[in-house]
Amino acid sequence: MALRVLVTDGMDAGAMEQLRKDGYEVIEQFYEPDQLGAALRDFDVVIIRSATKIKEPQIDAAAGSRLKLIIRAGVGVDNIAVKYAEEHGIQVKNTPRASNAVAELALALLFSCARNISIAGHTMRENKWEKKAYSKGFELSGKTMGVIGYGRIGQLVGAKGQALGMNVLSVVHRNKPEGCECETMHFVTMDELLSQSDIVVLCAPSGDKPLVDAESLAKMKDGVVIINVSRGANVNEAALLDALNSGKVKAAGLDVWLSEKDPNWALASHPAVSCTPHIGAGTKEAQKRIGAELVDIVENFG
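Now for a description of the structure that goes with this document.

**As for the overall build of the protein**
Moving on, step 1. A count of helical and extended segments in the protein gives 12 helices and 12 strands.
Moving on, step 2. For 302 residues, the compact-globule estimate of 2.2 N^0.38 gives 19 Å, and the protein sits close to it at 21 Å.
Moving on, step 3. Overall, the protein is about 65 × 50 × 30 Å in size when its C-alpha atoms are taken along their principal axes.
Moving on, step 4. Considering the protein as a whole, with its 302 residues, one finds that 48% of them fall into the buried category.
Moving on, step 5. For the protein, the proportion of contacts with a sequence separation of at least 24, taken over those separated by at least 6, is 61%.
Moving on, step 6. Per element, the accessible surface of the protein, about 14900 Å² overall, is 50% carbon and sulfur.
Moving on, step 7. Positive and negative charge centroids in the protein, built from 34 and 38 side chains respectively, lie 4 Å apart.

The structure is reproduced here in structure tokens:
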């Protein structure tokens, strides 16, 4: 019996073609949460991106069936109940080859915040010449950038920041990555990172509480810049909006949102916010790398 692969959120066409050439039966179909678990029973492998969530109810419905592998086409796996899946004999894999695309977007959002690119461009499309209003940007060179989450993406953000002349701080929660610390990169406590950073970049998985909330914002410098390319749940959006309105936060660059079906439009439309609709891995190069990685995982599994 051919291995059956369900693709719920789309994937690189070349990778899809390769899987079919390999003899796998590949089905593209999105399922609503209440239908997904039962559907998974008919597949050996499911490949998801951000829109699909496989949590305890879906795993309970699929448990004991032919489903043996969940693959997240991307870096983060917090839309999957990983431990619960593994306890039920279902492997979980991800594809970290999108990391550079996400890191580049973090820097793009930071440049936009530093030079008012988003709002200045918007006003020009309204036939307004606001040179005086938007000629008060800042340079990145010489600034201190705190990167919360120093995994693959965080390390790439840090390296790019150092290349631009920034000093980089991060926090070690488990094992300290080797070869990172140098004159322009140091590991510190969270409180030190928050109090010393001119820019705070979020690259960590989401946890039990937001990384940016009223409490953490109070510890940051006045005029700090916040960049989030991790998960929407890492930011208390109401607290960030209040901090933008008060001037505590100078600007924010956001690619991820607490809700993608109904984003916080007041935050997205704030003149000090540069934002994108979760396009971190959205480059041709990243999608091809992810596709190749997906093929490798399925071929080695099947």
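**Description of helix 5 (residues 99-115)**
Moving on, step 1. Taking 1.5 Å per residue as the helical rise, helix 5 with its 17 residues ought to reach 24 Å, and the 25 Å between its terminal C-alpha atoms agrees with that figure.
Moving on, step 2. For helix 5, a buried count of 12 out of 17 residues is recorded, marking the element as mostly surrounded by other parts of the structure.
Moving on, step 3. Residue asparagine 116 follows helix 5 closely and has a positive phi angle near 55 degrees.

**Considerations on a nonpolar patch on the surface**
Moving on, step 1. Among the surface-exposed residues, Phe111, Ile117 and Leu164 lie close enough to one another that they form a single nonpolar patch of about 250 Å² accessible area.
Moving on, step 2. Topologically, leucine 164 is positioned in the loop between helix 7 (152-163) and strand 7 (167-170).

**Some points on the side chain of serine 65**
Moving on, step 1. Here serine 65 lies in the loop between helix 3 (56-62) and strand 4 (69-72).
Moving on, step 2. A distance of 2.5 Å separates the side chain of serine 65 from the backbone oxygen of alanine 62, its partner in a polar contact.
Moving on, step 3. Setting aside its immediate chain neighbours within four residues, serine 65 contacts Leu40 and Arg41.

**Describing the pattern of salt bridges**
Moving on, step 1. The final tally for this structure, using the stated rule, is 13 salt bridges.
Moving on, step 2. Close ionic contact of lysine 128 with glutamate 126 constitutes a salt bridge, the shortest N to O distance being 3.4 Å.
Moving on, step 3. The partly exposed category is assigned to glutamate 126, whose relative accessible area is 39%.
Moving on, step 4. Connected through shared salt-bridge partners, Arg97, Glu293 and Asp296 make up one network.

**Thoughts on the sheet that holds strand 2 (residues 25-28)**
Moving on, step 1. With parallel pairing, 5 strands are arranged side by side in an open sheet as 2-1-3-4-5. Only two strands of the sheet have a single partner each, and these edge strands are strand 2 and strand 5 (91-94). Neighbour-to-neighbour, the strand axes of this sheet turn through a mean angle of 20 degrees, independent of strand direction.
Moving on, step 2. Pairing geometry for strand 3 (residues 45-48) and strand 4, over 4 bridges, is parallel. Looking at the pairing, valine 46 lines up with isoleucine 70 of strand 4.
Moving on, step 3. Against the sheet, helix 1 (residues 13-21) contacts strand 1 (4-7), strand 2 and strand 3, and its axis sits at roughly 145 degrees relative to strand 2.

**Focus on the sheet that holds strand 12 (residues 273-275)**
Moving on, step 1. Read from one edge of the open sheet, 7 strands run 8-7-6-9-10-11-12, paired in parallel fashion. Unpaired on one side and paired on the other, strand 8 (185-187) and strand 12 mark the two borders of the sheet. The mean angle between the axes of side-by-side strands here comes to 15 degrees, regardless of whether they run parallel or antiparallel.
Moving on, step 2. Inspection of the sheet shows strand 9 (residues 199-202) paired to strand 10 (residues 224-228) by 4 bridges, in the parallel sense. Residue pairing in the sheet places leucine 202 in a bridge with asparagine 228 of strand 10.
Moving on, step 3. Contacts between helix 5 and the sheet are confined to strand 6 (144-148), strand 9, strand 10, strand 11 (249-254) and strand 12, with strand 10 contributing the most and set at about 150 degrees to the helix.

**What about the nonpolar core?**
Moving on, step 1. Judged by nonpolar contacts, the single largest core of 28 residues is most densely connected at Leu110, Met145, Val157, Ile199, Val201, Val225 and Ile227.
Moving on, step 2. Of all the secondary structure elements, the ones that give two or more residues to this core are helix 5, strand 6, helix 7, strand 8, strand 9 and strand 10.
Moving on, step 3. It is helix 5 that provides the largest number of residues to this core, a total of 9 residues.
Moving on, step 4. The contact partners of isoleucine 199, leaving out residues within four places of it in the chain, are Leu110, Leu140, Lys143, Thr144, Met145, Gly146, Met166, Val224, Val225 and Ile227.

Reading the values: the criteria
- Residues numbered from 1 in each chain as written.
- Predicted model: local features only at pLDDT ≥ 70, side-chain atom pairs only at ≥ 80, totals over all residues.
- Heavy atoms only, no water.
- Helix = DSSP H or I, 4+ residues; strand = E, 2+ residues; numbered from the N terminus.
- Rg over C-alpha atoms; globule rule 2.2 N^0.38 Å.
- Buried < 20%, exposed > 50% of the residue type's maximum accessible area, 1.4 Å probe, protein only.
- Contact = heavy atoms within 4.5 Å.
- Areas by Shrake-Rupley, 256 points an atom, 1.4 Å probe, with all protein chains shown as cover.
- Lys, Arg positive; Asp, Glu negative; His and termini not counted.
- Charge placed at Lys NZ, Arg CZ, Asp CG, Glu CD.
- Expected span 1.5 Å × (residues − 1).
- Patch = residues over 30% accessible without salt bridge, like charges linked within 9 Å, V, L, I, M, F, W, Y side chains within 5 Å.
- Salt bridge = Lys/Arg side-chain N within 4 Å of Asp/Glu carboxyl O.
- Polar contact = N/O pair within 3.5 Å; in protein donor to acceptor, adjacent residues only side chain to side chain.
- Pairing = 2+ DSSP bridges.
- Axes fitted to C-alpha atoms, helices over the stretch in contact; angles between N-to-C directions.
- Core = buried A, V, L, I, M, F, W, Y, C linked by side-chain atoms within 4.5 Å.

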